[in-house]
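Descriptive structure summary
This is what each chain is made of:
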Amino acid sequence: MAVTRPAPRPVPAAVPPAGPARSGGHGSSSSSSGGGGGGVVVSGARRGVAHRYAALPPPLEVALAALRLEALLGDPRDAANPYGLPALTTRTGPRTTTAAAAAPAAVAGGAGGGAGEGWAGLLAAAGLGRIRAADQLVRALRPVLRRDVALGHACAAAAAQGPCPVPAALLGPAALLAATGTVLRQAARIVAGRCGSEPALRQWRPVLATAFADLLACESLTSVALRRPARPARPGALLPAVAGYVVPTVVADVLAQLELVLAECGHGPAGPEGRMLAKLAGDLPAAGVDAAAAGSWQTHLVQALPALSENPRPPHPAALPALFHLADPHPHPGPGRDLGPGFGRTAAATPGTHQHQHQHQQEQEQEQEGEREQERERERDGYGEGGGDGVVLSGLLRAAARPAGGDADRAALAGAARRLLSERRVLRRACRTAGQDGLDGLEGVEGPAVRALADRQALLWLAAAVLGVQEAADDGRGLFLGGPQWALLALSGITERLGVPLPGPAPAADPRERVWAELADRVRHGVDCDIYATRVLW
């Protein structure tokens, strides 16, 4: 049965074309001038664009860049659009990535100087060249990531030439989550549109709610990982490895559930939804998010078992680490000056002039002061000398100690956190033993015992990210992300994978009902199923 689809949304009149960047602007904060996001005076109406764009609004220039990019890509339902879902899902075989990468030259108005230049031109036209924070760059890229994993991979390869390359270990998971979210929205649209006249389809609402919570959990982890300090990897850099393993593993289960729901609703492999699933599955190896890639990251975690088991160093007993505050500017923006609307080049005064030398000296002083301030922020956030990614585990520690205040759902959340914290203590002893005895005593890195330890530790890190993000969003505004229901549902999936029974008290109601209501409402109002609740243009 055909499903009525929402009409395309016009590009907001407040979205200006991307222009040259202002000197000193950057993509980690929003201001009346757009933070260097367009070189124009931003009116109050334009400032409101970011707040209408998502429940957790990004900096203004990020919202404008994402809207421009989505407008340039065109209507995803248009069969004649090379970036539409009908065209993307009919591309098969080795030509997929090449075709997806080469076509943007025409869209961006380029002269066809190659796939990389074509994508760079498209991103420059959208205004992505001024974004310095990795998490915000991924938000701006979401319109292309949600359409197709291969398309997103090609686009991000061009973005890697810019001032803020997204870590390769996190790029694949981000693209996978965005593309899977598109399939989830389509499945939810089908079920929500037909369950009124076909009551039997209501059985799939809890399944889709669980899939939604799983995606939110994975995106909590990747978003937190993208907000970690932008500096070279070191032994304590575990978050990218955890995300590289956990996200493909959990999403594989989600995709299996979505395939089942779509098939039971009469949308088999021959239909557009089936082709979308097949295309997504075929793109996983190239994007580095297939089972083999997940196994490789699991091996990395096995080798890091002693570090995974260490207790976090809380940054401050009364402060939630800034990594969890997804609505705030990136706490540790990447180095480098604003590169303007393009990638790999800047506009500067004529070399050799006194003005150029003075400007260069001022820029160096500003960069040095910025680096000193970033190091002070790392110290406050638990990322100072000797600190590491284990600070994320404070989300688990804090949730276990949070008072429920008479709220049954929050009491259940705290109880789940305490149970997971007990599991972590048990695993900590086993991981330390593995480190002392050496991996050879446990059949090496391929041994099932150490791989099981790594799997369980990674799931606990996932739970900690969920709890930290939920606490940060629970700020009195009544946001869905700040409510306990989605976190309860996500933790129930984590504990099920761990084989750990949850203690009481029980939540006030089945959290799947509230989570399904949120998912159905987002589908009805054209909102993405991402953690930020972002509106889609089409």
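Residues numbered from 1 in each chain as written. Predicted model: local features only at pLDDT ≥ 70, side-chain atom pairs only at ≥ 80, totals over all residues. Heavy atoms only, no water.

Looking at the overall build of the protein chain
A count of helical and extended segments in the protein chain gives 20 helices and zero strands. Taken over 538 residues, the protein chain has a buried fraction of 55%. Look at the contacts in the protein chain between residues 6 or more apart in sequence, and 77% of them connect residues 24 or more apart. (Helix = DSSP H or I, 4+ residues; strand = E, 2+ residues; numbered from the N terminus. Buried < 20%, exposed > 50% of the residue type's maximum accessible area, 1.4 Å probe, protein only. Contact = heavy atoms within 4.5 Å.)

Things to note about empty space enclosed by the protein
According to the stated counting rule, one finds six cavities of 30 Å³ or more in the structure shown. Within this model, the largest cavity holds a volume of roughly 150 Å³. Around the largest cavity sit 15 residues that line it, and V138, R139, R142, E219 and Y532 are the ones nearest its centre. Those elements giving two or more residues to the lining of the largest cavity turn out to be α7 (134-145), α9 (168-194) and α10 (205-226). Of all the elements, α7 adds the most residues to the lining of the largest cavity, at five residues. (1 Å grid on protein atoms, 1.4 Å probe; cavity = no way out; pocket = protein on both sides within 12 Å on 5 of 7 lines; lining within 4 Å. Points joined across faces, edges and corners; volume = space filled by probe spheres on them.)

Observations regarding unusual backbone geometry
Positive phi values are uncommon outside glycine, yet A533 reaches one of about 55°. By relative accessible area, A533 is classed as buried at 13%.

Digging into the nonpolar core
The biggest cluster of nonpolar side chains holds 153 residues, and the ones touching the most others in it are L128, L141, V144, L184, L208, W486 and L519. In terms of residues, this core owes the most to one element, helix α18 (residues 448-473), which gives 16 residues. With residues near it in sequence (within four places) discarded, L208 still touches L184, A187, A188, V191, L258, V261, W516 and L519. (Core = buried A, V, L, I, M, F, W, Y, C linked by side-chain atoms within 4.5 Å.)

Brief notes about the packing of helix α16 (residues 394-401) against α18
At a closest axis distance of 7 Å, the pairing of α16 and α18 adopts a crossing angle of 65°. The interaxial crossing formed by α16 with α18 has left-handed handedness. Each of G395, L396, R398 and A399 in α16 lies in contact with α18, whose residues at this interface are A464, L467, G468 and E471. A class-by-class count of the residues in the contact of α16 with α18 yields four nonpolar, two polar and two charged. (Axes fitted to C-alpha atoms, helices over the stretch in contact; angles between N-to-C directions. Left-handed = near helix turned anticlockwise from the far one by under 90°. Nonpolar A, V, L, I, M, F, W, Y, C, P; charged D, E, K, R; others polar.)

What to know about the pattern of salt bridges
Within this structure, the stated rule accounts for 22 salt bridges. The partner of E198 in a salt bridge is R194, and the shortest N-O contact between them spans 2.9 Å. Accessibility expressed as a relative area gives 25% for E198, which makes it partly exposed. Beyond isolated ion pairs, a larger network of salt bridges with shared partners links E70, R142, R146, E219 and D528. (Salt bridge = Lys/Arg side-chain N within 4 Å of Asp/Glu carboxyl O.)

A closer look at the environment of D510
Within the element layout of this structure, D510 appears in the loop between α19 (484-498) and α20 (511-524). Taking the C-alpha atoms as reference, D510 lies 9.7 Å from D409; in sequence the two are 101 residues apart. At 2.8 Å, the side chain of D510 forms a polar contact with the side chain of R512. (Polar contact = N/O pair within 3.5 Å; in protein donor to acceptor, adjacent residues only side chain to side chain.)

Considerations on the packing of α9 against helix α12 (residues 272-287)
α12 packs onto α9 with a crossing angle of 170° between their chain directions and a minimal axis gap of 11 Å. By the criterion of interaxial angle, the relationship of α9 to α12 is roughly antiparallel. In this structure, α9 contributes G172, L176, A179, T180, T182, V183, Q186 and I190 to the contact, and α12 contributes E273, M276, L277, L280, L284 and A287. Counted by class, the contact of α9 with α12 contains nine nonpolar, four polar and one charged residues. (Parallel < 35°, antiparallel > 145°, perpendicular 65-115°, else oblique.)

Points about α7
With twelve of its twelve residues buried, α7 lies for the most part within the structure. Every buried residue belonging to α7 is among A134, D135, Q136, L137, V138, R139, A140, L141, R142, P143, V144 and L145, and all of these are buried.

Describing the packing of aromatic side chains
For the coordinates displayed, the defined rule picks out one aromatic pair. Between F212 and F480, the aromatic rings sit 6.0 Å apart at their centres with planes inclined by 5°, giving stacked as the arrangement. A residue pair is termed long-range when its members are at least 10 positions apart, and F212 in helix α10 and F480 in the loop between α18 and α19 qualify at 268 residues. The residues F212 and F480 share a single accessibility class, namely buried. (Phe/Tyr/Trp six-rings, centres within 6.5 Å; stacked < 30°, edge-to-face > 60°.)

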